[in-house]
Amino acid sequence: MTTESEVEGTADEPCDEATRPQQPGELVFTPRRRAKPPVHLADLTLAQRREQVIALGLPGYRAEQVSKHYFARLSSDPSTWTDVPAAARQVMAQALTPTLLTQTRRISCDADTTVKYLWRLFDGAMVESVLMRYPKRTTMCISSQAGCGMNCPFCATGQAGLTRNLSTAEIVAQVVAGAAELADGVIPGGPGRVGNVVFMGMGEPLANYRATLAAVRRIISPAPEGLGISARGVTVSTVGLAPRMRELAGEGIPLTLALSLHAPDDELRDELVPVNNRWPVAEVLDAAWEYADRTHRRVSIEYALIRQVNDQPWRADLLASLLQGHLVHVNLIPLNPTPGSKWTASDPGVEAEFVRRLRSGGVAVTVRDTRGREIDGACGQLAAAE
Ligand code: SAH
C-alpha cells in the first residue's frame, strides 16, 4: 500500500506556522493541518497504482485496466468497466477514482466552442478551467492552485489570495473532464481530442511545483500511465519564480515555458507583478534564457497591454532590446479588465505600434485572441463572482 508521504506529487505542504517551544503560561499552539484531497490514481505512477491494487487483494493488472478506463476511455464510472468483475469495480473506484471535481457551473460562448467550467473541490475550494476549440486544435486552460498568492493587481485571481495548492490528480482531472466532453461529441465540431494544455488558469504553477510537475508527467505519459498529450503542446506559465524556472529547465521535459513579464523595467514590474521585488527583470530573463538553452524550446513572453500603463513606445523598444537574439516569442494579451479595476486594454492603434516596434526590433510577436470574454474568461473572474 502506498502511504501518503510516498505519493508522488501530492500538494506541497500547507504553510503551517512552526511550533514554538511553549512558554510558561502560554496557550498551547497546535498547528492546523488541512485535510488533503483523496488520493486518486492520477496522483500515482502506474507502478504505485499496481501496489495499491495488490494491497486491495486484487491482481496487479487491474491497475492497467482501470488506468485505461480513466486515461484512454476517459471514464471513471465503474459501471462501464466491463472487463473488471463487478465485485472489484466498487472497491477499485473507491480507492482509485474518487470524485475530485464537482461541476457547479458550465458556461459556453463562441457557438459553444469555448466552455468555462467552475469546479467545487472536496473541501469546498473553487477552481476554474476553460476549454477552447479552434478549427485545428483544442486547448484546455487549467488551474494549479485554488486562488493565487502572487497578488498581481490586474488579475482577478490575485485579488482573493491563495486558498490552497491543488493535488496532482485535481490538476489532471480538469484536463480529463474537458477531454471527456470533447470525446463524447458534446462540443460542436464532432468528437475530438485535447492537443494543448496551458497552465494559465488560477494559481502560480511553479509555487505548487511538485504537483504541477507530476501532473505534467501524467498529461504527457502515454496511456495507461497518462493521457498521452505531446509535451510540446503543454505550456506552464509563471510570474517568474527564477529558481523554479531553472529547476524546470533541468527536468528534461520539452514543454513550453511562458513568462508573464508585463513590463520591461523593474519600476513598473514591481507594481504589476509584485514578485519582481524578489526576482527582478534581469534575473527572470536570465532564467528564461537558461530554460531556452537547455530545452531548445522557445520561451513565450506574456505581456498584457494595459492602456497608458505599460504600452508606451519606449517600453516596446526596451522590451525588444532585452529579447533580441534570444529563442523567444512575445504573446501580447489585450488586458481583460477585472470588475472595479481602473485599468483597461490599450487602444488598437497603440497596440499596433507596440507590435510594429517589437517586430522591427527582430522579435517574434503575436496578439492573443480574446476568447471567452463574455464568460469572464480572464482567470479568476468566475470564482470571484461565486
Ligand atoms: N500565475 C501564472 C499563470 C496564471 S495567469 C502566471 O502569472 O503566468 C495566466 C496569464 O494570464 C498570465 O500571463 C497572467 O498575467 C494573465 N492575466 C491575468 N489576468 C489577466 C487579465 N485581467 N487580462 C489579461 N491577462 C491576464
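Structure report, in brief. Quick caveat: nothing in here was measured; it's all calculated off a predicted structure. (Residues numbered from 1 in each chain as written. Predicted model: local features only at pLDDT ≥ 70, side-chain atom pairs only at ≥ 80, totals over all residues. Heavy atoms only, no water.)

### Description of helix H1 (residues 46–55)
Those residues of H1 that sit buried are Leu46, Gln48, Arg49, Gln52 and Val53. Mapping the buried residues of H1 onto a view down its axis gives an arc of 155°, with all of them on the same face. Next to the buried residues of H1 lie helix H2 (61–71), helix H3 (86–96) and helix H6 (209–220). Positive phi shows up at Gly57, right after H1, with a value of about 85°. (Buried < 20%, exposed > 50% of the residue type's maximum accessible area, 1.4 Å probe, protein only. Helix = DSSP H or I, 4+ residues; strand = E, 2+ residues; numbered from the N terminus. Arc of directions from axis to C-beta. Contact = heavy atoms within 4.5 Å.)

### Comments concerning the side chain of Arg49
Residue placement: Arg49 occurs in helix H1. There is no salt bridge for the buried Arg49, and the closest opposite charge comes from Glu225, which lies 4.3 Å off by N-O distance. Within the structure, the side chain of Arg49 is placed 2.8 Å from the backbone oxygen of Glu225, a separation counted as a polar contact. Setting aside anything within four residues of it in sequence, one finds Arg49 in contact with Leu41, Leu44, Ala63, Ser67, Phe71, Arg218, Pro224 and Glu225. (Lys, Arg positive; Asp, Glu negative; His and termini not counted. Salt bridge = Lys/Arg side-chain N within 4 Å of Asp/Glu carboxyl O. Polar contact = N/O pair within 3.5 Å; in protein donor to acceptor, adjacent residues only side chain to side chain.)

### What to know about the site of the ligand
Near the ligand, the surroundings consist of 17 residues, among which Gly203, Ser237, Ser260, His262 and Asn336 are the closest. In the environment of the ligand, a nitrogen atom lies 3.0 Å from a nitrogen or oxygen atom belonging to the backbone of Gly203. At a separation of 2.5 Å, an oxygen atom of the ligand approaches a polar side-chain atom of Ser260. In isolation the ligand exposes 530 Å². Once the protein is present, 94% of that is buried. Residue classes in the shell around the ligand are distributed as 7 nonpolar, 8 polar and 2 charged. (Near = heavy atom within 4 Å. Areas by Shrake-Rupley, 256 points an atom, 1.4 Å probe, with all protein chains shown as cover. Nonpolar A, V, L, I, M, F, W, Y, C, P; charged D, E, K, R; others polar.)

### A closer look at the nonpolar core
Judged by nonpolar contacts, the single largest core of 111 residues is most densely connected at Val197, Phe199, Leu272, Ile301, Leu323 and Val330. Ranked by the residues each element gives to this core, the list is headed by helix H5 (residues 168–183), at 10 residues. Other than its neighbours up to four places away in sequence, Val197 contacts Met140, Ile142, Val175, Ile219, Ile229, Gly233, Val234 and Thr235. In terms of nonpolar packing, the next biggest core, distinct from the first, is built from 5 residues, Met132, Tyr134, Cys141 and Val198 among them. (Core = buried A, V, L, I, M, F, W, Y, C linked by side-chain atoms within 4.5 Å.)

### Re the sheet that holds strand E12 (residues 364–367)
Pairing within the open sheet is mixed, and its 10 strands lie in the order E1-E2-E3-E4-E7-E8-E9-E10-E11-E12. Whereas interior strands pair on both sides, the edge strands pair on one side only; in this sheet they are strand E1 (102–109) and E12. Within the sheet, the average angular offset between the axes of one strand and its neighbour, ignoring direction, is 20°. Here strand E7 (residues 196–199) pairs with strand E8 (residues 234–238) via 3 bridges, running parallel. (Pairing = 2+ DSSP bridges. Axes fitted to C-alpha atoms, helices over the stretch in contact; angles between N-to-C directions.)

### A few points about the packing of helix H10 (residues 313–323) against helix H11 (residues 348–360)
As a packed pair, H10 and H11 sit with axes 8 Å apart at the nearest point and diverge in direction by 30°. The angle between H10 and H11 places the two elements in the roughly parallel class. H10 and H11 meet at a crossing whose hand is right-handed. Between H10 and H11, the residues in contact are Pro313, Arg315, Ala316, Asp317, Leu319 and Ala320 and Phe354, Arg357 and Leu358, respectively. (Parallel < 35°, antiparallel > 145°, perpendicular 65-115°, else oblique. Left-handed = near helix turned anticlockwise from the far one by under 90°.)

### Let's talk about the packing of aromatic side chains
Throughout the structure, instances matching the rule amount to 3 aromatic pairs. Centre to centre, the rings of Tyr70 and Phe71 are 4.9 Å apart; their planes meet at 80°, and the pair counts as edge-to-face. The class of Phe71 is buried, set by a relative accessible area of 3%. Ring plane angle 40° and centroid distance 5.1 Å describe the contact between Tyr303 and Phe354, whose orientation is recorded as tilted. Of this pair, Tyr303 sits in strand E10 (residues 299–305) while Phe354 sits in helix H11, and the two are 51 residues apart along the sequence. Overall, the relative accessible area of 0% leaves Tyr303 in the buried class. The aromatic ring of Tyr134 is capped on one face by Arg137, whose charged end is 4.6 Å from the ring centroid. (Phe/Tyr/Trp six-rings, centres within 6.5 Å; stacked < 30°, edge-to-face > 60°. Lys NZ or Arg CZ within 6 Å of the ring centre and 35° of its normal.)

### Comments concerning the pattern of salt bridges
Per the counting criterion, the structure on display carries 16 salt bridges. For Arg246, the salt bridge goes to Glu290, with nearest N and O atoms at 2.5 Å. Taken together, the residues span a long stretch of sequence, with Arg246 in helix H7 (residues 242–249) and Glu290 in helix H9 (residues 281–295) at a distance of 44 residues. Residue class for Arg246 comes out partly exposed when judged on its relative accessible area of 25%. For Glu290, a relative accessible area of 22% puts it in the partly exposed group. Bridged by salt links that share partners, the residues Arg246, Asp286, Glu290 and Arg294 form one connected network.

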